[in-house]
Protein chains: 2
Amino acid sequence: MKLNDLQTTSWTLARRAERMNPSVLREILKVTDRPGIISFAGGLPSARTFPVAAFADACANVLREDGEAALQYAASEGFAPLREQVARMLPWDVDPAQVLITTGSQQGLDLVAKVLVDSGSKVLVETPTYLGALQAFAPMEPEFVGIGADAEGIDVAELAAQRAGARFLYVLPNFQNPTGRTMSEARRQALVQAARELSLPIVEDNPYGELWFDAPPPLPLTARNPEGSIYLGSFSKVLAPGLRLGFLVAPPAIAPKLLQAKQAADLHSPSFNQRMVVDVMRDGFLDRHVPTIRALYKAQRDAMLAALTREMQGLDVRWNAPDGGMFLWARLPEGLDAVDLLPRAVERGVAFVPGAPFFAGPADTRALRLSFVTASQEQIAFGIATLAGVIREQLGHRP
Amino acid sequence: MKLNDLQTTSWTLARRAERMNPSVLREILKVTDRPGIISFAGGLPSARTFPVAAFADACANVLREDGEAALQYAASEGFAPLREQVARMLPWDVDPAQVLITTGSQQGLDLVAKVLVDSGSKVLVETPTYLGALQAFAPMEPEFVGIGADAEGIDVAELAAQRAGARFLYVLPNFQNPTGRTMSEARRQALVQAARELSLPIVEDNPYGELWFDAPPPLPLTARNPEGSIYLGSFSKVLAPGLRLGFLVAPPAIAPKLLQAKQAADLHSPSFNQRMVVDVMRDGFLDRHVPTIRALYKAQRDAMLAALTREMQGLDVRWNAPDGGMFLWARLPEGLDAVDLLPRAVERGVAFVPGAPFFAGPADTRALRLSFVTASQEQIAFGIATLAGVIREQLGHRP
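These numbers come from a predicted model, not from an experiment.

**As for the overall build of chain A**
Secondary structure assignment for chain A yields 14 helices and 15 strands. By the compact-globule yardstick of 21 Å for 399 residues, chain A fits well, its C-alpha radius of gyration being 22 Å. When the 399 residues of chain A are sorted by exposure, 64% land in the buried category. Contacts in chain A between residues at least 24 apart in sequence constitute 76% of all its contacts with a sequence separation of at least 6. Taking the average location of the 39 positive side-chain charges in chain A and that of its 43 negative ones, the two points are 3 Å from each other.

**Points about the domain arrangement of chain A**
All names here are of chain A. If you check the domain split of chain A, you get domain 1 (17-49 + 287-397) and domain 2 (70-280). Facing the 27 residues of domain 1 at the interface are 30 residues of domain 2. Of all residues in domain 1, the largest losses of buried area upon contact with domain 2 belong to R19, R294 and F358, amounting jointly to 26% of the total for that side. Along the contact surface separating domain 1 from domain 2 lie 2 salt bridges. Here R294 and E210 are joined by a salt bridge, their closest N and O atoms 3.0 Å apart. For the interface between domain 1 and domain 2, the tally reads 8 residue pairs in polar contact (both at pLDDT 80 or more).

**A few points about the sheet that holds strand β7 (residues 166-171) of chain B**
Residue and element names in this part refer to chain B. Read from one edge to the other, the open sheet built from 7 strands follows the order β2-β10-β9-β8-β7-β3-β4, with strand pairing classed as mixed. The strands lining the two open edges of the sheet, one partner per strand, are β2 (99-102) and β4 (143-147). Pairs of neighbouring strands in the sheet enclose a mean axial angle of 20°, with direction left out of account. Pairing between strand β9 (residues 229-234) and strand β10 (residues 246-249): 4 bridges, direction antiparallel. Paired with L232 across the two strands is L248, which belongs to β10. Most of the contacts of helix α4 (residues 80-89) go to β2, to which it runs at about 115°, and overall it touches β2 and β10.

**Section: the sheet that holds strand β11 (residues 318-319) of chain A**
All names here are of chain A. The strand order across the open sheet built from 4 strands is β11-β12-β15-β14, with neighbouring strands paired in antiparallel fashion. At either margin of the open sheet sits one strand with a lone partner, and together these are β11 and β14 (353-354). Here β14 pairs with strand β15 (residues 367-371) via 2 bridges, running antiparallel. From the neighbouring strand, V353 faces β15, where its bridge partner is R369.

**Regarding unusual backbone geometry**
All names here are of chain A. Omega for the peptide link from T127 to P128 comes to -10°, which places this bond in the cis form. For P128, the location among the structural elements is in the loop between β3 (122-126) and α6 (131-137). Positioned with a positive phi, D283 is a non-glycine residue whose angle comes to about 55°. Tracing the backbone through its elements, the reader meets D283 in the loop between α11 (271-280) and α12 (285-311). The exposure class assigned to D283 is exposed, which follows from its relative accessible area of 68%.

**A closer look at the pairing of strand β4 (residues 143-147) of chain A**
Residue and element names in this part refer to chain A. Here β3 pairs with β4 via 5 bridges, running parallel. Opposite L124, over in β4, you have V145 as the bridge partner. Running through α6, the crossover from β3 to the neighbouring parallel element β4 is right-handed.

**Observations regarding the UniProt feature "domain: Aminotransferase class I/classII large" (unreviewed entry) in chain A**
The residues that UniProt annotates with the feature "domain: Aminotransferase class I/classII large" (unreviewed entry) are residues 54-379 of chain A. For residues 54-379 of chain A, the end-to-end C-alpha separation is 29 Å, with 40% helix and 17% strand making up the annotated structure.

**Quick look at the side chain of A:T102**
All names here are of chain A. Tracing the chain through its elements places T102 in strand β2 (residues 99-102). Judged by relative accessible area, T102 falls into the buried class, the value being 0%. One polar contact links the side chain of T102 to the main-chain amide nitrogen of F247, over a distance of 3.2 Å. Ignoring anything within four residues of it in the chain, the contact list for T102 reads Q107, G108, L111, R244, L245, G246, F247, L248, K262 and S269.

**A word on the interface of chain A and chain B**
At the junction of the two partners, chain A supplies 90 residues and chain B supplies 90 residues. By the criterion of area lost to chain B, the three top residues of chain A are A:W11, A:L71 and A:Y73, representing 12% of everything that side buries. Counting every contact that joins chain A to chain B gives 2 salt bridges. Taking the shortest distance from any N to any O, the salt bridge between A:D110 and B:K114 comes out at 2.6 Å. Taken together, chain A and chain B are joined by 37 residue pairs in polar contact (both at pLDDT 80 or more).

**Considering the nonpolar core**
Judged by nonpolar contacts, the single largest core of 161 residues is most densely connected at A:I230, A:L370 and B:L370. If near-sequence neighbours (up to four positions away) are discounted, B:L370 is found in contact with B:F40, B:M304, B:L308, B:M326, B:F327, B:L328, B:A330, B:F352, B:I384 and B:L387. Membership of the second largest hydrophobic core comes to 71 residues, among which are A:A58, A:V94, A:L245 and A:L286.

**Quick notes on the environment of B:R19**
Residues and elements named next belong to chain B. Inspection of the secondary structure assignment puts R19 in the loop between α1 (2-6) and α2 (24-32). A relative accessible area of 37% means that R19 is categorised as partly exposed. Considering only alpha carbons, one finds R19 and P139, 120 residues apart in sequence, at a separation of 6.4 Å. Those residues in contact with R19, other than ones at most four positions away along the chain, are A138, E141 and P142.

**A closer look at the pairing of strand β9 (residues 229-234) of chain A**
The buried fraction of β9(A) amounts to 6 of the 6 residues, a majority that puts the element mostly inside the structure. Of the two faces of β9(A), the one lined by A:S229, A:Y231 and A:G233 and the one lined by A:I230, A:L232 and A:S234 are each fully buried.

**A few points about the side chain of B:T49**
Residue and element names in this part refer to chain B. In this fold, T49 is placed in the loop between β1 (38-39) and α3 (52-71). One polar contact links the side chain of T49 to the main-chain carbonyl oxygen of S46, over a distance of 2.7 Å. T49 has contacts with H289, I293, L296 and Y297, leaving out every residue within four places of it along the chain.

**Here we look at the packing of α4(B) against helix α11 (residues 271-281) of chain B**
All names here are of chain B. Direction vectors running N to C along α4 and α11 enclose 50°, while the axes themselves pass 9 Å from each other. It follows from the interaxial angle that α4 and α11 lie oblique. The two elements α4 and α11 cross, and the hand of that crossing is left-handed. Where α4 approaches α11, its residues P81, L82, Q85 and M89 are matched on the opposing element by Q274, V277, V278 and M281. Per-class residue counts for the contact of α4 with α11 are 6 nonpolar, 2 polar and no charged.

Rules and cut-offs
Residues numbered from 1 in each chain as written. Chains lettered and ligands numbered in written order. Predicted model: local features only at pLDDT ≥ 70, side-chain atom pairs only at ≥ 80, totals over all residues. Heavy atoms only, no water. Helix = DSSP H or I, 4+ residues; strand = E, 2+ residues; numbered from the N terminus. Rg over C-alpha atoms; globule rule 2.2 N^0.38 Å. Buried < 20%, exposed > 50% of the residue type's maximum accessible area, 1.4 Å probe, protein only. Contact = heavy atoms within 4.5 Å. Lys, Arg positive; Asp, Glu negative; His and termini not counted. Charge placed at Lys NZ, Arg CZ, Asp CG, Glu CD. Domains from an automatic or database assignment. Buried area = accessible area lost by both parts, 1.4 Å probe. Salt bridge = Lys/Arg side-chain N within 4 Å of Asp/Glu carboxyl O. Polar contact = N/O pair within 3.5 Å; in protein donor to acceptor, adjacent residues only side chain to side chain. Pairing = 2+ DSSP bridges. Axes fitted to C-alpha atoms, helices over the stretch in contact; angles between N-to-C directions. Right-handed = clockwise from strand over helix to strand, strands pointing away. UniProt positions renumbered as here; feature names shortened; annotations may be inferred. Core = buried A, V, L, I, M, F, W, Y, C linked by side-chain atoms within 4.5 Å. Parallel < 35°, antiparallel > 145°, perpendicular 65-115°, else oblique. Left-handed = near helix turned anticlockwise from the far one by under 90°. Nonpolar A, V, L, I, M, F, W, Y, C, P; charged D, E, K, R; others polar.

So this is what it looks like as structure tokens:
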């Protein structure tokens, strides 16, 4: 027995496991997730927006009317009424047969990588880009190529040089995570034209598109080029992330492979949750509910912009004013580094996310992401003032 | 516009996508899933066992007591009280920190393959084995090696010859899908000893272990060799599959990588569902509920065994008598092929699953899987009589 206890099994890890590392963000959030911290760090929607009572009704309805089916195994494609609802919601002609329900849109990224990425395949991404996409794609061992971007979106001119060997371009055109920026109409037109000319597939991720403040963003890229695009959507930001429901829309050329990858990955997304969402969305619920989220987030953004304008006076700090979503993107004065600043900010009770992990290539170490949706407006005012103090102090200590 | 319409984007599929094919089973089930068919084909638990009322109470409780957290993003590891509950349920010393909640145990298989399988890695499996595991592992491009087996489980003597280059042995020791067989105590001891000597990791899948009829199966392999094993479990057979909740228990050597793979795959399993299950399991619910499933499935098995004994008289059909689970394994007379027989059986209104797809290597074409849990006992009597008639007719037509 003693001998056996000493023996160690030799676990050989797959090569791809070397690419899997504890998320920098996750490690940061552990530190910042302590009581009393004012956090601009999280990527969470405001829990105040969750329609708890509507979900309670939906649960009761689903279990009363359709309990056994809701609790049974189901089709990998997803619950047909939910797929139909998704097709109807989208602003182009979508056949419900093209809609695949996923376990959050994060799973959509995993499936896309499985079906399209070989070890060493080039994957083009924005600079910066959604960290969770880099993590979802990484196990399939792509070579990431960051495409430059400005406030209107990616630099379309860079695409031609990177087309060879690229499996797709991953973009998040609306209220991007992390920058909050939105791709302009002109840039979308140019991108779709270039993608067609280069025959470059696009993977369009749109979790935040409904969270616009004054006007809806321009039409999705996929609406302009459905055969050349995969579209990823989510119920996490308009209803609640805890149900883990998203969807993807894929052209017939690859939809069957994505479905097979889905089946192998988790058989299907929870049947119960899919029925709950269908029940909640009855009678145009989202048309009444989503405007309340927009109004709340707009007020929160305004509070943060006002606080930044007030508190960062005299400091060379820059930030943008997103037209929707949950985040804004700021840049520290020359000589400061967001990763270095974070522990000092946390010491004073305020947290943010440094921008560096969002870059596939060389990082802008002065950049940081600020979420304006989870802290209260009072906390925003106090937290931004604190952050300004920390920056001022750091500038004083600069060598 | 016309020109653009004609342009086709060139989607390049990953090499692994060639390994993804429509599940044979899925295609079969499509045919058999029409009204009026008596189906022994499904892998579904009986919906009669789903505790619908208990779930309705749990939903209401969770949303009332903890609604916002239940609907919010959550930790990738899973809900702490559920991980603690899982650790307590298992018959060996498990630290909740080793428990990872998965989106069904199917996802556990996907994560295991991502972390342990490189293209060309050998993966050892039973003969026959769970088809869903072959599908979950296939995208990582393993080379499957089927290890021979008898009624007591795999042939341990074959392992040494296959150890070199093998990343792990995948086994389903209790009431196996598809055969219904259970690995004996002696075989478990021999297997664990061999695995230790060969330093061969074991992936133990145990979705059916609680569904024993007269006595619990022997202790899991992982309980005897926790450092050398990953254990996969599920709530699908003891509560309901529609929630998509399973778990895995992994040794510290690989638990962090599995967690990272989980995070990349779908961030976390639904927080709401995890809380529902914790709420339902309060006050020892499973101790009262699971015995009712055992009693039902035992009566169903008995009905099928009685029907087989009665109807297959004079035919050279063989079958086993599983001690638990949902399936039994039968073998047609010489000269018959289960894949050929299926459409004739479906024509007469009865369906089963041919055994061939469950073999990683050369298949037993006479084998078939019969589920005894979803058809009623009257349907079982009628369906088995019909099946016997089809077999008799086929034997008459034999060249």
